[in-house]
Amino acid sequence: MKHELIEKNVMLLAALTAVAISFGGLVEIIPLMNDKTATTPAPGLHMRTPLEVAGRDVYVREGCYGCHSQMVRSLGEEVLRYGPASQAGESVYDHPFQWGSKRTGPDLARIGGRYSDEWHKIHLNNPRDVVPESNMPGYPWLAKQQFEPGEVPAMMRALKRVGVPFDDAEIAKADDEVAGKSKMDALIAFLQTLKAPQPAPAVAGGGPAKTESTP
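This report concerns the structure included in the present document. Please read all numbers here as calculations on a predicted model, not as lab measurements.

What follows is about the overall build of the protein. Regarding its fold elements, the protein presents nine helices and zero strands. Listing the helices and strands of the protein from first to last along the sequence gives α-α-α-α-α-α-α-α-α. For 215 residues, the compact-globule estimate of 2.2 N^0.38 gives 17 Å, and the C-alpha radius of gyration of the protein, at 22 Å, exceeds that figure by more than 25%. The principal-axis extent of the C-alpha atoms belonging to the protein is close to 75 × 55 × 40 Å. Evaluated residue by residue, the protein yields a buried proportion of 33% over its 215 residues. By sequence separation, contacts in the protein at least 24 residues apart represent 72% of the contacts at least 6 residues apart. Carbon and sulfur atoms make up 60% of the accessible area of the protein, which amounts to about 13,300 Å² in all. Between the centroid of the 23 positive side chains of the protein and the centroid of its 26 negative side chains there is a distance of 2 Å.

Structure below.
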């Protein structure tokens, strides 16, 4: 029988398996290559400041993504708990993006603005001071760490190479903007940006109002 011929011939089986996997992969990948929603910034998407870029680097460096996802799925109970479901266009400037479903702690995609900076400082220093049942470790050393000259501009240049539209003037001012700020300040600034993008309000004439983006 034909299937016996394939099963008994290792090379033929390997070749046909590779063809099947390749075909399946192309069926999934090609439509995504033409899907602009994954590469077009969501309306109102906030371009991060140097301090917020630095804070995201701290977030990734400390492994926060290991316990917190940044993706509200489009399930009723998730939307009720966290807020609007996440859209691909929200993450076009994130490299790497922090989507996922691993939640030892709550999802953080909509944490921005829910708590004050002071609350975050207390929480990062010792989480049990504000959430007694928390098993999250504290990060008190972040309040004592600052950024070296050139450290944040290097982060921004790396992001620019992969498509984040920072201009050279923004990068040149980065050191001045983070001067005197701790890595805890930067992390908090980043956390406060994690919210659904807010499109500019419409004005008479049908176009959006010309306002600066806000975190």
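Once the structure has been displayed, the description carries forward.
Running from N to C, helix α3 (residues 50–61) and helix α9 (residues 183–191) cross one another at 100°; their axes reach a closest spacing of 7 Å. Of the possible angle classes, the one that applies to α3 and α9 is roughly perpendicular. Taken together, the residues of α9 that come into contact with α3 (itself represented by Leu-51, Glu-52, Ala-54, Gly-55, Arg-56, Val-58, Tyr-59 and Arg-61) are Lys-183, Asp-185, Ala-186, Leu-187, Ala-189, Phe-190 and Leu-191. Per-class residue counts for the contact of α3 with α9 are nine nonpolar, one polar and five charged.

What follows is about helix α5 (residues 117–125). Considered for burial, the residues of α5 that qualify are His-120, His-123 and Leu-124. Angularly, the buried residues of α5 cover 95° about the axis, an arc narrow enough to put them on a single face. Lining the buried residues of α5 we find α9.

A separate point is α3. Across its 12 residues, α3 extends 16 Å between first and last C-alpha, which sits within 8% of the 16 Å expected from 1.5 Å per residue. Taken across its 12 residues, α3 has nine buried, putting it largely inside the fold. Among the residues of α3, those classed as buried are Pro-50, Leu-51, Glu-52, Val-53, Ala-54, Gly-55, Arg-56, Val-58 and Tyr-59. Turning to α3, the residues buried within the fold contact α6 (151–161), α7 (168–172), α8 (174–178) and α9. The positive-phi residue at the C-terminal boundary of α3 is Gly-63, with phi of around 75°.

Before going further, it helps to examine unusual backbone geometry. The peptide bond linking His-95 to Pro-96 adopts the cis configuration, its omega dihedral lying at -5°. Mapped onto the elements, Pro-96 comes out in the loop between α4 (76–82) and α5.

Next up on the list: the environment of Ala-158. Position of Ala-158 among the secondary structure elements: in helix α6. Since its relative accessible area comes to 36%, Ala-158 is described here as partly exposed. Sequence spacing of Ala-158 and Asn-126 is 32 residues, and the spatial spacing of their C-alpha atoms is 33 Å.

Take the pattern of salt bridges next. Applying the stated rule across the entire model yields nine salt bridges. Residue Arg-48 pairs with Asp-94 through a salt bridge whose shortest N-O separation is 2.6 Å. One end of the pair, Arg-48, is in the loop between α2 (10–33) and α3; the other, Asp-94, is in the loop between α4 and α5, with 46 residues separating them in the sequence. Owing to a relative accessible area of 16%, Arg-48 belongs among the buried residues under this scheme. Residue Arg-110 is joined to Glu-90 by a salt bridge in which the shortest nitrogen-to-oxygen separation is 2.9 Å. Separated by 20 residues along the polypeptide, Arg-110 in the loop between α4 and α5 and Glu-90 in the loop between α4 and α5 bring together distant segments of the chain. Classification of Arg-110 as buried rests on a relative accessible area of 8%. Beyond isolated ion pairs, a larger network of salt bridges with shared partners links Arg-73, Glu-78, Arg-103 and Asp-107.

So, how was this worked out
Residues numbered from 1 in each chain as written. Predicted model: local features only at pLDDT ≥ 70, side-chain atom pairs only at ≥ 80, totals over all residues. Heavy atoms only, no water. Helix = DSSP H or I, 4+ residues; strand = E, 2+ residues; numbered from the N terminus. Rg over C-alpha atoms; globule rule 2.2 N^0.38 Å. Buried < 20%, exposed > 50% of the residue type's maximum accessible area, 1.4 Å probe, protein only. Contact = heavy atoms within 4.5 Å. Areas by Shrake-Rupley, 256 points an atom, 1.4 Å probe, with all protein chains shown as cover. Lys, Arg positive; Asp, Glu negative; His and termini not counted. Charge placed at Lys NZ, Arg CZ, Asp CG, Glu CD. Axes fitted to C-alpha atoms, helices over the stretch in contact; angles between N-to-C directions. Parallel < 35°, antiparallel > 145°, perpendicular 65-115°, else oblique. Nonpolar A, V, L, I, M, F, W, Y, C, P; charged D, E, K, R; others polar. Arc of directions from axis to C-beta. Expected span 1.5 Å × (residues − 1). Salt bridge = Lys/Arg side-chain N within 4 Å of Asp/Glu carboxyl O.

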